[in-house]
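# Coordinate inspection notes
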Amino acid sequence: MSIITVDNLSKHFRRAKVKAVQDVSFSVEPGEIFGLIGPNGAGKTTIMACLLALIKPSSGQIKIDGKSPYDFEVKPLIGFLPERPCYNRWMTIHQFLTYHHMLSGRPSQEREKDIKEALEAVELEVDPKKRRVKELSRGMLQRVGLAQAVIGRPRIVFLDEPTSGMDPLGFIMIRKMLLRFKEQGITAVVNSHHLLEVEKVCDRIAFMRGGKIEHLGGMDSFAVQGQDTTLSWLPLADRNADVIKESLVSLAQKHDCTIIDASLDSAKVSSPDKEHLASFIQELVKNEFLIYESKSERRELVDLFLNKSDKADKSDKSDKSDINE
Amino acid sequence: MNKPSLLSPTLIRFNLWEKIRAWRVGIPIFLFMGLPCYMMLISVIDSTEPELAAKNVWHIYDNASIYFLLAYLFISDGLLTGRPTGEPETLNLLFTRPITRTCYVLSKFFCGFIGSSVVLLISAAMTLGIATTLGITENPIDSHFILSIFLNSLIFSSFYVCLHAMPSMLGLIAYLFFSGCQTVGDIMSIGYSQNAPTFFKHVKDAILFFNYWFGDVFPSTVDFSLIASSFYACTELVVVYLSNLSLFLFFAIFMLSIREFSYGAD
Amino acid sequence: MARTNSGKSTLYIPILISIAMALLLVARIYIKGPFQTLLNPDSQIGWKSISDLERDKENYHSSLVLFDFSADWCQPCKRMDKVTFQAQDVVKKVRESFYPVKVIVGSEHEKKSVTDLQTKYSLFSIPTFVVTLPSGEWVYQKRGFFPPKDFIKMLDNAKLKSYFVRAELKMAKQDYKGALAELNPDVVSGKKQIEDEIPMMVYFHILKNLGRLDEAKVAVKKRFDFVYSKKKNAIQPGSDKPLPWPLPFYQYLLGELDEDKLMRATSAWYQKSEINCAIALNALENNQKDLALKTFHKAAESSYYSNSDSFRLAELYIKELEP
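Residues numbered from 1 in each chain as written. Chains lettered and ligands numbered in written order. Predicted model: local features only at pLDDT ≥ 70, side-chain atom pairs only at ≥ 80, totals over all residues. Heavy atoms only, no water.

### Quick word on the overall build of chain C
Each helix and strand in chain C was counted, giving 15 helices and 4 strands. Here the C-alpha atoms of chain C give a radius of gyration of 26 Å, more than 25% beyond the 20 Å that 2.2 N^0.38 yields for 323 residues. Taking all 323 residues of chain C together, the buried fraction comes to 51%. Contacts in chain C between residues far apart in sequence, at least 24 positions, make up 64% of those at least 6 positions apart. For chain C, the computed accessible surface area is about 16,100 Å², with 53% contributed by carbon and sulfur atoms. Between the centroid of the 47 positive side chains of chain C and the centroid of its 39 negative side chains there is a distance of 8 Å. (Helix = DSSP H or I, 4+ residues; strand = E, 2+ residues; numbered from the N terminus. Rg over C-alpha atoms; globule rule 2.2 N^0.38 Å. Buried < 20%, exposed > 50% of the residue type's maximum accessible area, 1.4 Å probe, protein only. Contact = heavy atoms within 4.5 Å. Areas by Shrake-Rupley, 256 points an atom, 1.4 Å probe, with all protein chains shown as cover. Lys, Arg positive; Asp, Glu negative; His and termini not counted. Charge placed at Lys NZ, Arg CZ, Asp CG, Glu CD.)

This is how it looks when you write it as structure tokens:
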């Protein structure tokens, strides 16, 4: 059974003309790391706020563990890292974590242990009893926020832009943390436009644009859509570069592939999916290309994200207004 | 599994104990506690009529702004954060925790009430000590005095909780409107006109209308001995008092419930 | 209200609060609106109007007049009606020794007499309570809301002060024996100190004219010592500065200070007025009638408001002395 189900969720804010979220449906399985990606204003944060019962959906239904997100019994199950650090700045780190530990209803005898573990998990190396929240840098705040999100031993964690303000070490820490969630069977919903960490650990990703989910699926389903492959072959003595290029282009066209770059002994090919690429390679071999290496450069999700955004921009200009307004 | 409770021990701990421990709130609170003692000391020593001076000092305890400020200190995080409105954005995170909005309002209200009444009672006890040492035998401390402190702390805490629960702009407008309605009454009683043109008389009537119906929404301190003095006084004062109390708590919970915490936007 | 509550089991609290709020709101509107008169019956004090006062003038020589200046729109006035004037102690006290007159400021009824009274007692705020002798001499005045306890205290003070005003009237006619008889027995026997300057001066001059100067000086000295002991901290030893007010005034009565020094002892206009009264009374006793009249005029002028002891005294003597 899915731990989170969203059915035809829509939300429009009174002051904005367009809908922030339109008819979005998806579900998240227990123990899954679910990524919500998309450009700014795509409605990711709105969906998250609806899941957390911070804002009320205009229509549609949300179930978390079979209950409404407004249900009191859902609250102890969840941990949340907000996008903007909206923490009680006057508290010391220790006070702040105590505050959230108490709020989450965990037994008080485990408090010190939980706080210690959470701080170790986020690799925060400052004295939690001396440093106040307001004295922390952006990256440290983010770590405190993460510690806060896991302090109540939640079963579902909502992370909104977990990497913002983080250094590369922070990226690694977050990846480790998400992997640990997987081990412990904790469900995580990660909302991001920085994709490095999402790409590596997410089980499934929903790509959002203009309040809608444009694509939903595993990492593979994204990767095959755009794949660049560099093919190398033993030099062909009898043909010059122009001839090679000509024959490559004509062969590629037959199989819906594009030659991005070609030289005497190698070429970079862009293919729509695996099947087309395979048949193209087969064709080349038939034409006496002695292929010894095929290096597939799976495109970064970021590039895809940019392409998709560009495409969407061209096709759908009306969605340009800021939805979060 | 947790059951929703009416008062959150966490909020109470962090609004009372942890706040007093922080010097930014602790020092003003101790100043508040000590101020009447100090006033008693200097005004009695340097006075031709110490009994009268002492009596005037005791009037500090029916000053509305004292109650309002104490409610502010205990309910808002304003002083701790250095921002007058406190940190309304922390509510986003708070309400993802197992805490109902009713519980939030009631806990804050409770903290304001307990905080300000305890501070004022300790302060009154200290002032009484000073007065007795200086040889003032007459003091107004009786059950009515103590009850008045409790009643005033209650009404001012509920009022401040109501303002606190509203978005800051709306809270400010509500504050200005109701305090304005109350103040115009005082202003109108200073000057009066015998031969003003009709138009001005109508304007005056309109102002007085607002003063009559909304002037007592902004709480003023109640004196329990007044309530006890006559049936007529009792009926009106008590109804207005209770009506204000329920109005503030209702609006606090209501405003917090319809507020949307879309934390992605300001 | 459906989504007011994320928790199911605390839902009853906001529901209770909203029901209570609705009921109390209705009650409040009723009490302030339709039921207002029902809950606010006529006071047992039995307020009279200004025309009643004119009519009854002959019959209440022994009592004082209590004016309550109020208005329809004045909230503290209404509160006085609802709270203070309902209290039994207050009702008893007022009926015992006062003739209560309610003056509605701003109403068309008796407009002229109201305006006259306002001018006469320099009124600039309501509610104001003015106590006068039946003949119209100002005795005492307070403004604002008073709870029953304070109001009774105020009435007592007014009554105590009225003895001196009556004595003043007799004194101006040089009937010193009669004046002494008007005074409160507690004051005469020395049980009670006289707290204000003008009453003290009146008392002093009555005794002086009856040939009991020593006794008078003892009373003033007693008061002087009392005030001195209280103001000790404010006095720098060995300095030439005059003592703080009202000590120079008592020194003058005791003959320890001359007029020039007294004039230099203060700069406040109301104290200047008191000083002028003292100088004028002294001049009168030395048979310098013209000087006295001139100084009384000065006293009346330097008293900014017509509701002060020195103004009343000066006016009284001017009426007597003016040819």
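Moving on from the coordinates now.
### Thoughts on the pattern of salt bridges
Under the definition given, this model contains 31 salt bridges over all chains. Linking R153 of chain A and E117 of chain A is a salt bridge whose minimum nitrogen-to-oxygen distance equals 2.6 Å. Pair noted here: R153 of chain A is in the loop between α4 (138-150) and β6 (156-160) and E117 of chain A is in helix α3 (residues 111-121), with a separation of 36 residues, a long-range link. For E117 of chain A, a relative accessible area of 37% gives the class partly exposed. Between E168 of chain C and R312 of chain C there is a salt bridge, with its nearest N and O atoms 2.9 Å apart. Of this pair, E168 of chain C sits in helix α6 (residues 148-172) while R312 of chain C sits in helix α15 (residues 309-321), and the two are 144 residues apart along the sequence. One network of salt bridges, in which partners are shared, links R106, E110, D114, E117 and R153 of chain A. (Salt bridge = Lys/Arg side-chain N within 4 Å of Asp/Glu carboxyl O.)

### Some thoughts on the nonpolar core
Within the largest apolar cluster, 151 residues are counted, with the highest numbers of intra-cluster contacts made by I4, I47, L146, F158, L178 and F181 of chain A. Residue contributions to this core peak at 12 residues, all from helix α8 (residues 143-165) of chain B. Once residues within four sequence positions are removed from consideration, I4 of chain A is found in contact with F26, S27, V28, L51, K63, I64, I156, F158 and V189 of chain A. If you look at the next biggest cluster of nonpolar residues, it comprises 54 residues, including M171, A172, M201 and A278 of chain C. (Core = buried A, V, L, I, M, F, W, Y, C linked by side-chain atoms within 4.5 Å.)

### Side note on the packing of helix α4 (residues 88-97) of chain C against α6 of chain C
Residues and elements named next belong to chain C. Taken N-terminus to C-terminus, the directions of α4 and α6 make an angle of 20°; their axes are 9 Å apart at the nearest point. Between α4 and α6, the interaxial angle falls into the category roughly parallel. In this structure, the crossing between α4 and α6 has a hand that is left-handed. Residues D89, V90, K93, V94 and S97 of α4 form the contact with α6, whose own contacting residues are P148, F151, I152, L155, D156 and K159. Broken down by class, the residue content of the contact of α4 with α6 amounts to 6 nonpolar, 1 polar and 4 charged. (Axes fitted to C-alpha atoms, helices over the stretch in contact; angles between N-to-C directions. Parallel < 35°, antiparallel > 145°, perpendicular 65-115°, else oblique. Left-handed = near helix turned anticlockwise from the far one by under 90°. Nonpolar A, V, L, I, M, F, W, Y, C, P; charged D, E, K, R; others polar.)

### Here's the deal with the sheet that holds strand β1 (residues 4-11) of chain A
Residues and elements named next belong to chain A. Pairing is antiparallel across the open sheet formed by 3 strands, whose spatial order is β2-β1-β4. Edge positions in the sheet fall to β2 (21-28) and β4 (59-64), since each has one partner strand and no second. When strand polarity is set aside, the average angle formed by the axes of neighbouring strands in this sheet is 15°. Inspection of the sheet shows β1 paired to β2 by 5 bridges, in the antiparallel sense. Among the inter-strand pairings, K11 is bridged to a residue of β2, identified as V21. (Pairing = 2+ DSSP bridges.)

### Notes on the packing of aromatic side chains
The final tally for this structure, using the stated rule, is 39 aromatic pairs over all chains. Taking the centre distance of 5.5 Å and the plane angle of 90° together, the rings of Y72 of chain B and Y160 of chain B count as edge-to-face. With Y72 of chain B in helix α4 (residues 64-75) and Y160 of chain B in helix α8, the pair connects residues that are 88 residues apart, well separated along the chain. By relative accessible area, which is 18% here, Y72 of chain B ends up buried. Looking at Y160 of chain B, the relative accessible area reads 11%, which means it is buried. Between F224 of chain C and Y228 of chain C, the ring centres sit 5.9 Å apart and the planes meet at 20°, which makes this aromatic pair stacked. Taken as a pair, F224 of chain C and Y228 of chain C lie in helix α10 (residues 213-231) at a separation of 4 residues, close to a single helical turn. On the basis of relative accessible area, Y228 of chain C is assigned to the partly exposed category, the value being 32%. R101 of chain B extends its terminal NZ or CZ atom over the ring of F95 of chain B, reaching a point 4.6 Å from the ring centre. Over the face of the ring belonging to W47 of chain C we find K102 of chain C, whose NZ or CZ atom lies 4.5 Å from the ring centre. (Phe/Tyr/Trp six-rings, centres within 6.5 Å; stacked < 30°, edge-to-face > 60°. Lys NZ or Arg CZ within 6 Å of the ring centre and 35° of its normal.)

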